[in-house]
Amino acid sequence: MKVIVPVKRVPDTAGEKNIDPNDKTVDRDGIESVLCPINEFSIEEAVRLKESQGAEVKVLLMGPESAQPIVRKALSYGLDSAVQITDDAVAGSDAIGTAKAIAAALKNEEFDLVIFGNQATDARTCVVPAAVAEILGLPSLTYARHLEVDGDKVVVHREHEEGYDVVESTLPAIVSVVEAINEPRYPSFKGIMAAKSKPLDVKSAADIGLDTSEVGMANANAVITEFEHRPPKEAGTIVEDDGSGATAAQLADWMQSKKFV
Amino acid sequence: MGELLVLIDHAEGQPRKLSLQMLTAANQVASQTGDTVSAVWLGEGASGAADVLGRHGATKLYAWDSPDALGYVTLPQVEALQQVMETSGAEILFFASTNLIKDVAARLAIRVDGGVITDATGVEVADGRIVATKEIFGGELITKCTFADGRKQIVGISNNAFAAEETGGGAAEVVNLDVSLSEAATAAKVTNVEKQVTSDRPDIAEAAVVVAGGRGLGDEQGFELMEQLADVLGAGVGASRAATDAGWYPHRYQIGQTGRTVSPMLYIGSGISGAIQHRAGMQTSQNIIAINKDGEAPIFSIADFGIVGDLYTVVPKLIEELQARKG
């Protein structure tokens, strides 16, 4: 069984973020980038399939050369190999363009299952996994909080606002996972050392047969035109309770003044 | 003059609140583009909704009243919508920014050469195109997004970004759809639906008030107190990741960067320190109340009203106070 885990480099949630005013893409100068936290769960699920079913697991990342440490980080959890799509032509792609590039990369790979994170922590669009599935003509079993592979069949519990749907299809299929699915392990020292020498295949758009007139900022279907930082909040009222709970009345007054009561 | 489509999200034969809010947003846009607003209902129970959808501004209601619409994964809805977009010539579709419907929008966008913008908190029209407001990086940056020329415009609307308003219109004209599904559309089937909503509390994404609990609750019983507070306020109950990781509350109520985003009129966090990962899911709330023993907790920096104190002393008193004031 072959499994591919697409991962994403995102700005650290705790760090400062900016959009480049010229091209309206994420300004990566001077900001800390990390492996998207949701990918810890998709990677863990893949490692479990490697352990339980002997799956061969490959990581896939689309991003510039400077994103290579993110690929190595993903490999350090115990994945087997990696492919990185690096091409200036894909820079600034919107979600649909990103899906087209990932789908093109997947067309060059053999796989039974592709495991995405359900979202990336930057724009949290959530649309890439299903768009990739559409391009490849495959089922999209997304938002998995439970995943079972049995022979050529996959069963997924899809989490939604009111519970979950149990769905099933044959492989190959595209899935995405939510963090309820597992408890990710930390990479071992051995894993970190091994990641340095695992095979990493860097490919260009031409290598994967990607039509560059379909991707990149100039060909995006949806674009950011303006941005601003959220204005800082004014300091609120902070009161200290003396242990009697008397501050509850003050809070109720405040809530009443705001018409919440 | 064309049609602007609104995909109605519904449960048990009733449109959700967000669907009516979307119709209001659609009417605002349509008055500028010269379109009329048509609703699309996929799944059973469509005709019963013609009246309420019409009252909120839908002129037409495309209805595919079939168990097939929701009996398979995503594609039947995509194929029905593709058919409606092609026959109506609609350029714009609004959808509810919920987990499973985002997939429908994504697959549809590929089929009709559209762009997708999710979680829009505002929509305007410029040069005949939608300009959507969308927050990224957990609400730290507020962006305006639009579509490239000639692309279909598929826009996910956030809960509570618009107030639903009646327009005085009569029942929507029902147009029944006949959808013949491709083989691929029935390849992945839904074998079971597990509803896990055990109360009539509103979902945290829809609720005007959200009560959230964190590690400071100390145990699972703390959420009973949160639920009591929520019930006085008609609120939804959410949790921090620490609390859902500990198994004190179900994961789908987790608020934060890897969970759900809430943007209610009022958020009350108890025993939540407000790590950046949690703030990324709630800092756009209009009013924030924090109750925490630790006066240094970062949540106080964004709180409109904060109490440094023991939540097990303060919250029961608050419930009493609120009940007394409600009379």
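In every chain, residue numbers begin from 1 and rise along the written sequence. Written order determines the labels here, with chains lettered from A and ligands numbered from 1. Local features are withheld for residues below a pLDDT of 70 in this predicted model, meaning they are given only at 70 or higher, and side-chain atom pairs are given and counted only at 80 or more; totals for whole chains, interfaces and linings count all residues. Side-chain figures throughout are based on the complete set of non-hydrogen atoms in the structure, without hydrogens or water.

**Notes on the side chain of B:Thr146**
Each helix is a run of H or I in the DSSP string that is no shorter than four residues. Each strand is a run of E no shorter than two, and both are numbered from the N terminus. Relative to the helices and strands, B:Thr146 is located in strand β10 (residues 141-147). Within the local environment of B:Thr146, its side chain forms a polar contact with the backbone oxygen of B:Ile130, the two atoms lying 2.7 Å apart. Side-chain atoms alone can form a polar contact between residues adjacent in sequence; in general such a contact is a pair of N or O atoms within 3.5 Å, and within protein one must be able to donate a hydrogen while the other accepts it.

**Comments concerning the sheet that holds strand β14 (residues 209-213) of chain B**
Within the open sheet, the six strands sit side by side as β13(A)-β18(B)-β17(B)-β16(B)-β14(B)-β15(B). Their pairing is parallel. Lying at the two open borders of the sheet, with one neighbouring strand each, are β13 (237-240) of chain A together with β15 (236-239) of chain B. Looking at each pair of strands side by side, their axes are set apart by 15° on average, direction ignored. We treat two strands as partners when DSSP finds at least two bridges between them. Across four bridges, β13(A) lies against strand β18 (residues 305-308) of chain B in parallel orientation. Bridge pairing in β18(B) places A:Val239 opposite B:Ile307. Helix α6 (residues 247-257) of chain A rests against β13 of chain A together with β16 (266-270), β17 (287-292) and β18 of chain B of the sheet, and its axis sits at about 175° to β18(B). Across the face of the sheet, helix α6 (residues 222-233) of chain B comes into contact with β14, β15 and β16 of chain B while running at roughly 170° to β14(B). To obtain an axis, a line is fitted to C-alpha atoms, over the contacting stretch when the element is a helix, and the angle between two such axes runs from 0 to 180 degrees between their N-to-C directions. The criterion used for residue contact is that any of the two residues' heavy atoms lie within 4.5 Å.

**Considering the packing of aromatic side chains**
When two rings of Phe, Tyr or Trp (its six-membered ring) have centres within 6.5 Å they constitute a pair, described as stacked for plane angles under 30 degrees, edge-to-face for angles over 60, and tilted for the intermediate range. Tallying each qualifying case throughout the model produces three aromatic pairs over all chains. The interplanar angle of 45° and the centroid separation of 5.7 Å between the aromatic rings of A:Trp254 and B:Phe305 together place this pair among those described as tilted. Of this pair, A:Trp254 sits in helix α6 while B:Phe305 sits in strand β18, each in a different chain. Just as A:Trp254 is buried, B:Phe305 falls in that class too. Between B:Tyr249 and B:Tyr253, the aromatic rings sit 5.2 Å apart at their centres with planes inclined by 45°, giving tilted as the arrangement. Grouped by ring-pair contacts, the aromatic residues B:Phe223, B:Tyr249 and B:Tyr253 constitute a single cluster. Note on classification: 1.4 Å probe, protein chains only; a residue is buried when its accessible area is under 20% of the maximum for its type, exposed when over 50%, partly exposed between these limits.

**Structural notes on the interface of chain B and chain A**
Of the residues lining the interface, 89 residues belong to chain B; the matching set on chain A comes to 82 residues. What makes a salt bridge here is a side-chain nitrogen of Lys or Arg within 4 Å of a carboxyl oxygen of Asp or Glu, nothing more. Our count for the chain B to chain A interface comes out at eleven salt bridges. B:Lys195 serves as the salt-bridge partner of A:Glu162, at 3.2 Å between the closest nitrogen and oxygen. Ranked by the residues each element gives to the side of chain B that touches chain A, the list is headed by helix α5 (residues 99-112) of chain B, at nine residues. Residue classes in the side of chain B that touches chain A are distributed as 39 nonpolar, 26 polar and 24 charged. Looking at chain direction, strand β9 (residues 163-170) of chain A and strand β13 (residues 189-195) of chain B are connected through six bridges and run antiparallel. Among the inter-strand pairings, A:Tyr164 is bridged to a residue of β13(B), identified as B:Glu194. Gly is put with the polar residues, along with every residue not named as nonpolar or charged; the nonpolar set is Ala, Val, Leu, Ile, Met, Phe, Trp, Tyr, Cys and Pro, and the charged set is Asp, Glu, Lys and Arg.

**Some words on the domain arrangement of chain B**
Residue and element names in this part refer to chain B. All domain edges in this entry derive from an automatic or database-based domain assignment. We note that the domain assignment places domain 1 (3-186) and domain 2 (209-326) within chain B. Facing the five residues of domain 1 at the interface are five residues of domain 2. The quantity reported as buried area is the accessible area (1.4 Å probe) lost by two parts once they are put together, taken as the sum for both. Summing both partners gives a buried area of about 330 Å² for domain 1 against domain 2, and 45% of it is carried by carbon and sulfur. By the criterion of area lost to domain 2, the three top residues of domain 1 are Glu135, Gly138 and Glu140, representing 72% of everything that side buries. At the boundary of domain 1 and domain 2, one finds zero salt bridges. For the interface between domain 1 and domain 2, the tally reads one residue pair in polar contact (both at pLDDT 80 or more). Split into classes, the residues belonging to the side of domain 1 that touches domain 2 amount to one nonpolar, two polar and two charged.

**Examining the environment of B:Asp231**
Residues and elements named next belong to chain B. Tracing the backbone shows Asp231 in helix α6. Sequence separation between Asp231 and Arg201 is 30 residues; the distance between their C-alpha atoms is 7.4 Å. Separated by 2.8 Å, the side chains of Asp231 and Arg201 make a polar contact.

**Remarks on the sheet that holds strand β9 (residues 129-136) of chain B**
The strand order across the open sheet formed by four strands is β12(A)-β10(B)-β9(B)-β8(B), and the pairing between neighbours is antiparallel. Since the sheet does not close on itself, it has two edges, and those belong to β12 (222-229) of chain A together with β8 (122-126) of chain B, each with one partner. With strand direction ignored, the average angle separating the axes of adjacent strands in the sheet is 30°. As paired elements, β9(B) and β10(B) share six bridges and run antiparallel to each other. Along β10(B), the bridge assignment pairs B:Val131 with B:Thr146. Lying over the sheet, helix α1 (residues 17-33) of chain B contacts β8 and β9 of chain B, oriented at roughly 5° with respect to β8(B).

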